[in-house]
Structures are given as C-alpha cells and as structure tokens.
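So the chains spell out like this:
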Amino acid sequence: MLLAPVFLWFYDLPSATVSHDALLMIRILALTMPIKLINMTVIMGILRAGGDVVFSLLFECCTMWFIGVPLAFIGALVLQWPVYLVFTLVIVEEIVKFVLCLWRAFSGKWIHSMV
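Right, let's walk through the structure included here. All of these numbers come straight from a predicted model, not from anything done at the bench.

Rules used in this analysis
- Starting afresh in each chain, residues are numbered from 1 along the sequence in its written order.
- Where local features are concerned, this predicted model is filtered to residues with pLDDT of at least 70; where side-chain atom pairs are given and counted, the filter is 80 or more; whole-chain, interface and lining totals use all residues.
- To obtain the side-chain values, all non-hydrogen atoms of the structure were used and water was disregarded.
- Candidate patch residues must exceed 30% relative accessible area and have no salt bridge, after which like charges are joined if within 9 Å and Val, Leu, Ile, Met, Phe, Trp or Tyr side chains if within 5 Å.
- Each accessible area value is a Shrake-Rupley result obtained with a 1.4 Å probe; residue values ignore everything except the protein chains displayed when judging cover.
- A side-chain nitrogen of Lys or Arg and a carboxyl oxygen of Asp or Glu constitute a salt bridge if their distance falls within 4 Å.
- Helix and strand definitions follow DSSP, with helices as H or I runs of at least four residues and strands as E runs of at least two, each counted in order from the N terminus.
- Among the buried residues, those of types Ala, Val, Leu, Ile, Met, Phe, Trp, Tyr and Cys that are joined through side-chain atoms within 4.5 Å form a nonpolar core.
- Each residue's exposure class comes from its accessible area (1.4 Å probe, protein chains only) as a fraction of the maximum for that residue type: buried when under 20%, exposed when over 50%, partly exposed otherwise.
- Between two residues, a contact is recorded if the distance between any of their heavy atoms is within 4.5 Å.
- In summary, the pairing rule links any two rings of Phe, Tyr or Trp, Trp by its six-membered ring, whose centres are within 6.5 Å, and it sorts them by plane angle into stacked for under 30 degrees, edge-to-face for over 60 and tilted for everything else.
- By the criterion adopted, a ring carries a charge over it if an Arg CZ or a Lys NZ lies within 6 Å of its centre and within 35 degrees of its normal.

## What about a nonpolar patch on the surface?
1) Next: A surface patch of nonpolar side chains, about 950 Å² in accessible area, is lined by Leu-2, Leu-3, Val-6, Phe-7, Trp-9, Phe-10 and Tyr-11.
2) Next: Within the fold, Val-6 resides in helix H1 (residues 4-9).

Okay, here's the thing in structure tokens:
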C-alpha cells in the first residue's frame, strides 16, 4: 500500500486523474486483500478440499452474477460513479462471500466422505 506510487511510476499514465484513480484503486485493493485471501482459502482450500465442490461452484457463480456484476452495472452506468467508487462497490461481493464462507466453514456441512 505504501509503495503504490512507486508501482505507478513504471507506467506512462495519460493524466493526473488516471494516476489518482489508479492510486486509490491500489490502496482499496490493499485494504481488502485480507478478506479476499480468506475467501480464497476457505472456498478453495477448505470447502472444495472437503468435497463441497458443487456448493463452492454455485456460491462463486451466484455471488459474482447476482452481487458483483449488478453492483458494477449500477455504480458505473446508473449512478455514473468514478471508477474507484465502482471498484469499491464491487468489493461488497467479497464481504458477502466472507460472511457466508465463514458460516459454511463453521457449520461443518462441507465435510463429505471422499472414500
């Protein structure tokens, strides 16, 4: 997060606005990365490894198509927010995944006999 301006230095960005938006998006991603990593670990490492493949597939598809894509559409085309706010709005998908993934993991319903 602190080195975000250094990464932007490598690119020939066309304007200060683009540079500012990219910097904000890198920082937003850095702040939300722990949630994304926990989601990936729970979905791919625990649920799928425990035999709950169908739930994992449906869960990933449904959250993307019913939360992430509609929120991006609303933020970009209806509300006409700047790109960094639309990016932040799409992070809501990861927060919903976080809550539901932890609920599924702690419920124990993902444990299936693989033998």
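## Here's the deal with the nonpolar core
1) Next: One finds Val-42, Ile-43, Leu-47, Phe-59, Cys-101, Ala-105 and Trp-110 forming the largest nonpolar core, which totals seven residues.
2) Next: Those elements giving two or more residues to this core turn out to be helix H2 (16-47) and helix H4 (83-107).
3) Next: Among the elements that make up this core, the one with the highest residue count is H2 (three residues).
4) Next: Not counting the four nearest positions on each side in its chain, Val-42 is found in contact with Leu-47, Cys-101, Leu-102 and Ala-105.

## Concerning the environment of Ile-35
1) Next: Relative to the helices and strands, Ile-35 is located in helix H2.
2) Next: Among the residues examined, Ile-35 registers a relative accessible area of 24% and is labelled partly exposed.
3) Next: Ile-35 sits 10 residues away from Gly-45 along the chain, and the two C-alpha atoms are 15 Å apart.
4) Next: In this structure, Ile-35 is in contact with Glu-94, Ile-95 and Phe-98, ignoring residues within four places of it in sequence.

## Some thoughts on unusual backbone geometry
Backbone phi values are negative for most residues with the exception of glycine, while trans is the configuration of most peptide bonds.
1) Next: For Gln-80, which is not glycine, the phi torsion reads 55° and is therefore positive.
2) Next: Mapped onto the secondary structure, Gln-80 falls in the loop between helix H3 (53-78) and H4.
3) Next: On the basis of relative accessible area, Gln-80 is assigned to the exposed category, the value being 63%.

## Focus: the side chain of Asp-52
1) Next: Note that Asp-52 resides in the loop between H2 and H3.
2) Next: Apart from the residues within four sequence positions on either side, Asp-52 is in contact with Leu-47, Arg-104, Lys-109, Trp-110 and His-112.

## Focus on the packing of aromatic side chains
1) Next: Counted according to the given criterion, the structure contains two aromatic pairs.
2) Next: Centroid distance Trp-9 to Phe-10: 5.6 Å. Interplanar angle 70°. Geometry classified as edge-to-face. Each member of the pair Trp-9 and Phe-10 is classed as exposed.
3) Next: Positioned above the aromatic ring of Phe-55 is the side chain of Arg-104, whose terminal nitrogen or guanidinium carbon lies 4.0 Å from the ring centre.

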